[in-house]
Amino acid sequence: MFCFMVEMERIVKANDREYNEKFQYVDNRIHTSKYGILTFLPINLFEQFQRVANAYFLCLLILQLIPEISSLTWFTTIVPLVLVITMTAVKDATDDYFRHKSDNQVNNRQSEVLIDSKLQNEKWMNVKVGDIIKLENNQFVAADLLLLSSSEPHGLCYVETAELDGETNLKVRHALSVTSELGADINRLARFDGIVVCEAPNNKLDKFMGILSWKDSKHSLNNEKIILRGCILRNTSWCFGMVIFAGPDTKLMQNSGKTKFKRTSIDRLMNALVLWIFGFLICLGIILAIGNSIWESQIGDQFRTFLFWNEGEKSSVFSGFLTFWSYIIILNTVVPISLYVSVEVIRLGHSYFINWDRKMYYSRKATPAEARTTTLNEELGQIEYIFSDKTGTLTQNIMTFKRCSINGRIYGEVPDDLDQKTEITQKKEPVDFSVKSQVDREFQFFDHNLMESIKMGDPKVHEFLRVLALCHTVMSEENSAGELIYQVQSPDEGALVTAARNFGFIFKSRTPETITIEELGTLVTYQLLAFWILTTPEKGFRNPEGQIKLYSKGADTILFEKLHPSNEVLLSLTSDHLSEFAGEGLRTLAIAYRDLDDKYFKEWHKMLEDANAATEERDERIAGLYEEIERDLMLLGATAVEDKLQEGVIETVASLSLANIKIWVLTGDKQETAINIGYACNMLTDDMNDVFVIAGNNAVEVREELRKAKENLSGQNRNVSNGHVVCEKKQQLELDSIVEETVTGDYALIINGHSLAHALESDVKNDLLELACMCKTVVCCRVTPLQKAQVVELVKKYRNAVTLAIGDGANDVSMIKSAHIGVGISGQEGLQAVLASDYSFAQFRYLQRLLLVHGRWSYFRMCKFLCYFFYKNFAFTLVHFWFGFFCGFSAQIALDTSYWTFINHVFIWGSIAIYFSILFTMHSNGIFGIFPNQFPFVGNARHSLTQKCIWLVILLTTVASVLPVVVFKFLKVNLYPTLSDQIRRWQKAQKKARPPSSRRPRTRRSSSRRSGYAFAHQEGYGELITSGKNMRTKNPPPTSGLEKTHYNSTSWIENLCKKTTETVSSFSQDKTVKL
């Protein structure tokens, strides 16, 4: 009896492996490979024989091993079958070898582990839960760690999470104050025996809950205290951490999808066709078997006198049974194994077309397109849904400060005449920042009015820029040349801080308690009293004068609700400006502040400390306090930042939309960022009928919001399409099934990560899918890598549509593996997405050519090939079926199989070679460059057929193909005649020499049920005839066996000639004689 325990919570004790081993936690070894040495053969064979054709040919091979029914040697089937299976197995083994190699490389990385009060180098795979690990700058994190201490003040450290969420910006993590005091003291760290009680392993990257018990006190833990596997330590000399989750339990591995065996719809279609054709083959076999039974019972017994069978040795029913299996073998060519070989060869050629396409070559990085698989090319032409990452896929992840609205006035490149915007911008000179030190030389701003307002000392402008310089999470450092370098968590924050820097408000440095900026040449230090990012990023500061200010920067939809009523006029102006910015695809943020009373803030801060120390309903209490202080804000203005799209993204999205391909954006960025990019790409437009935003915090709220949105969409659609309310109940019941096809307007769906988690539950996901599929654009923001894969799986499972996922980071790997086709972009975030993908290139715009050119061509060519191939094989196979009615259903063949095999190979391999040779020439830029006038690409087939040399080549090819066969047959009959040829020649001579004889009844002969077809593949009837065993006389002479043999041997030729001439003459006189 086996008992499987589900881990509800995890208990880990530091520096105590014996204590932790009783919980049987997994070690830090990872496995991403599919096979082992012992499991490769059975698992791989099982996967390969899931192909119906492979199983079909295996059954055929078994039948050919039975001599009573087989007329063909088993060698003709087993060789190609073993060849195909071996080639596929070698390919699978090679792919898995590289996975093993990658796993070994990761598992054998070195880490410094605290063992027996000293640091020792250990391989990653030997790290255990509860161990204390030392990390150094630019090192990968080996496991999910609880940060204990670091080289930075107050236990801070900075990590890069590109492999987790695709963002290359830095994140801040900080240790508990009680553990940060441990520092780098090895003895104190070795004596650390804290116990962590936390949640069980899960895939939630942005959430962690636990409690550390140490020194008779408990300390709450959250996500800010945890460093996850896959992160890289940056800008931190060293840090120490305690292993909480290891190996497969880490959040990175929990989010990694499994490698799946991908099949195209053509493969599935061929499997279905094989089943139908096999059923058709069974029907043909049954018809021919019934015909054989009838023929044997009514006519065949009259031929027994020519055979040495005894009467009743074989019944007609049993003869039909054996004939059925013989015809199954003979007619198997209707689905030849060469079909799959030919298909793979064509796919290989199409893959080379993709690899050689110069229009998909990115010259800046010398990166060509690469088809990393050869089995999915035709699937590219059937894509219905595209799931795309945002950062680094649609965008360059480069932010530029473009415009702003301060106190109701717009600053930026806004001419009076919008139609002449580009022209005026080009004529204007950018603001000269060269006179200032420590400015970003690449920053450009064309509106000189903002500089004038700064010089005139406008307090609102100064306060606006002060907020940009203070309210952020940017880290600063100086390089070797003394230049100020910013390390940013988000590119838009970097753009805003850089803008403030160039306008004279320079962020200089920060500590956990202060931020120092340079305001127009004067250093000013602000005391940081509180900082939170809940609904909007906010900070509480005490300025040098002792005044407490609350600075807020966030989305206008949230921040405008918290404004003081006195801001009504300014709110109206700023809203108009934000609409103008959004119409240009710019990312916007609103800026506000509030003056706080010292006494009020102290009371509020005391309640905040109590809420942080609470063990129950801590998050709810903290959220309530934040909500209390986030009110009565004074509006300053808004910013507009341009997230530069990759070149050609807008045109590509438009082209794919015209092809009726739906694009869903799945990103880990915040909602406002994702929406702005949607507008920038024209996936979201102001002309849309409605944009539904789903932001429920539980399953009930999410379900209700989805249903309301669906009802709203259906109601609007009925009003637009019908002009009146549909009252018939039947039509209302049928509306849900056809609503997607009848949606006339453009709608969009926006849903965030925590709402998506509830929407993907079993009782809500159908509502989500129905609404999403009725929308033109879907944007999912703040989603985890696993949620991306779940969305793809949802569409695959319930829509039965071909899906494509495209991304550039490690956080996109799960999505890429889950989709029918995965595309990796070789961008700024490593090669994890490329290594997991089926196709890769450097720019999103190449997706248009991959789908609409290569995908369409591959699908079109494959369909044409399959039609021709099945036609060819049906034509050949049905000849044998029809011939069965003329050979007594004896399972003989109409065509020599050896001859056909040779011709089959010539036509298959020759046609493929000629096909690709012509295509290579037609699509070769090199040939066109050499002969631009002599090689017209447009209408080349029509032009080529007008040339006489083409027809001469066709004629010569036909003659050259037929003549060798005719000459070979002629020379063989005349130079090396067989015994049958000699008899046939003698018969013709006798027929010419003798007059026609009188008519006599035609003699019938029987069919051997080891099938005449079987005899046709042996030495023929010569030996049987010369032995005399087939000649029976009614009154044999009573002589010895020697004399009998002599009698038969001296008279068999004369008897044979006489019977032959009589049969021929009788056939010529009576044409109604039946076989």
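Values in this document were obtained by computation on a predicted structure and should not be read as measured data.

Caption draft 1: Structural context of the packing of helix α9 (residues 265–298) against helix α10 (residues 316–330). Here α9 crosses α10 at 145°, and the two axes come no closer than 8 Å. Once α9 is placed against α10, the crossing between them reads as right-handed. On α10, the residues that touch Leu281, Ile282, Gly285, Ile286, Leu288, Ala289, Asn292, Ser293, Glu296 and Ser297 of α9 are Ser316, Val317, Ser319, Gly320, Thr323, Phe324, Tyr327 and Ile328.

Caption draft 2: Spotlight on the UniProt feature "binding site: Mg(2+)" (unreviewed entry) in the chain. As annotated by UniProt and renumbered to match this structure, "binding site: Mg(2+)" (unreviewed entry) occupies Asp389, Thr391, Asp808 and Asp812. A compact arrangement is adopted by the annotated residues: their sequence extent is 424 residues, whereas the largest C-alpha distance between any two is 10.8 Å. Topologically, Thr391 is positioned in the loop between β15 (385–388) and β16 (395–406). Residue Thr391 is classed as buried on the basis of its relative accessible area, which comes to 6%. Here Asp808 is to be found in the loop between β31 (803–807) and α27 (813–818). Only 3.4 Å separates the side chain of Asp808 from the side chain of Thr393, close enough to count as a polar contact.

Caption draft 3: Structural context of the UniProt feature "active site" (unreviewed entry) in the chain. Taking the numbering used here, the UniProt-annotated feature "active site" (unreviewed entry) corresponds to Asp389. Looking at where Asp389 falls in the secondary structure, it is placed in the loop between β15 and β16. Residue class for Asp389 comes out buried when judged on its relative accessible area of 3%. At 3.4 Å, the side chain of Asp389 forms a polar contact with the side chain of Lys788.

Caption draft 4: Local environment of the environment of Ser265. Take Ser265: it is sitting in helix α9. For Ser265 and His820, which are 555 residues apart along the polypeptide, the C-alpha to C-alpha distance reads 9.7 Å. The residues contacting Ser265, other than those within four sequence positions of it, are Glu379 and Gln382.

Caption draft 5: Local environment of the packing of helix α20 (residues 649–658) against helix α29 (residues 846–883). Look at α20 against α29: their axes get within 9 Å of each other, and the N-to-C directions meet at 25°. The angle between α20 and α29 falls in the class roughly parallel. Considering only the axes of α20 and α29, their crossing is left-handed. Contacts between α20 and α29 involve Glu651, Thr652, Ser655 and Leu656 from the former and Leu847, Gln848, Leu851 and Leu852 from the latter.

Caption draft 6: Examining the sheet that holds strand β11 (residues 226–227) more closely. In spatial order, the strands read β3-β2-β4-β13-β5-β11; together these 6 strands make up an open sheet with antiparallel pairing. Strands at the two margins of the open sheet, each flanked by one partner only, are β3 (118–123) and β11. Pairing between strand β5 (residues 144–150) and strand β13 (residues 238–245): 6 bridges, direction antiparallel. Bridge pairing links Asp144 to Phe245 in β13.

Caption draft 7: A look at the nonpolar core. Grouped together as the largest cluster of nonpolar side chains are 50 residues, with contacts concentrated most on Ile133, Leu146, Phe192, Val196, Ile227, Met242 and Ile244. Counting residues per element, this core draws most heavily on β13, at 6 residues. In this structure, Ile386, Ile821, Phe844 and Leu847 belong to the second largest nonpolar core, which totals 43 residues.

Caption draft 8: Looking closely at the sheet that holds strand β33 (residues 839–841). The mixed open sheet is built from 9 strands, whose spatial order is β14-β33-β32-β31-β15-β27-β30-β29-β28. The open sheet has two free edges, formed respectively by β14 (370–371) and β28 (690–694), since each of these has just one partner strand. Both β31 and strand β32 (residues 821–825) contribute to a ladder of 4 bridges, which runs parallel. In the sheet register, Leu804 faces β32, and the bridge partner there is Ile821.

Caption draft 9: Here's a closer look at a nonpolar patch on the surface. On the surface, Leu952, Leu955, Leu956, Val959, Leu963, Val967, Phe970, Leu971, Leu975 and Tyr976 cluster together into a nonpolar patch covering about 1000 Å² of accessible area. Take Leu975: it is sitting in helix α33 (residues 948–975). By relative accessible area, which is 58% here, Leu975 ends up exposed.

Caption draft 10: Up close: the packing of aromatic side chains. Applying the stated rule across the entire model yields 28 aromatic pairs. Plain terms: the ring middles of Tyr385 and Trp664 are 5.8 Å apart, the flat faces sit at 90° to each other, and that makes the pair edge-to-face. With Tyr385 in strand β15 and Trp664 in strand β27 (residues 662–666), this pair connects stretches of sequence that are 279 residues apart. Trp664 shares its class with Tyr385; the two are buried. Ring centres of Phe885 and Phe889 lie 5.1 Å apart, and the angle between their planes is 70°; this geometry places the pair in the edge-to-face category. When its relative accessible area of 10% is taken as the criterion, Phe889 is described as buried. One aromatic cluster in this structure is built from Phe881, Trp882, Phe885, Phe886 and Phe889. Over the ring of Phe140 we find Arg109, and its NZ or CZ is 4.7 Å from the ring centre. Residue placement shows Arg501 over the ring face of Tyr486; its charged tip is 5.1 Å from the ring centre.

Thresholds applied
Residues numbered from 1 in each chain as written. Predicted model: local features only at pLDDT ≥ 70, side-chain atom pairs only at ≥ 80, totals over all residues. Heavy atoms only, no water. Axes fitted to C-alpha atoms, helices over the stretch in contact; angles between N-to-C directions. Helix = DSSP H or I, 4+ residues; strand = E, 2+ residues; numbered from the N terminus. Left-handed = near helix turned anticlockwise from the far one by under 90°. Contact = heavy atoms within 4.5 Å. UniProt positions renumbered as here; feature names shortened; annotations may be inferred. Buried < 20%, exposed > 50% of the residue type's maximum accessible area, 1.4 Å probe, protein only. Polar contact = N/O pair within 3.5 Å; in protein donor to acceptor, adjacent residues only side chain to side chain. Parallel < 35°, antiparallel > 145°, perpendicular 65-115°, else oblique. Pairing = 2+ DSSP bridges. Core = buried A, V, L, I, M, F, W, Y, C linked by side-chain atoms within 4.5 Å. Patch = residues over 30% accessible without salt bridge, like charges linked within 9 Å, V, L, I, M, F, W, Y side chains within 5 Å. Areas by Shrake-Rupley, 256 points an atom, 1.4 Å probe, with all protein chains shown as cover. Salt bridge = Lys/Arg side-chain N within 4 Å of Asp/Glu carboxyl O. Phe/Tyr/Trp six-rings, centres within 6.5 Å; stacked < 30°, edge-to-face > 60°. Lys NZ or Arg CZ within 6 Å of the ring centre and 35° of its normal.

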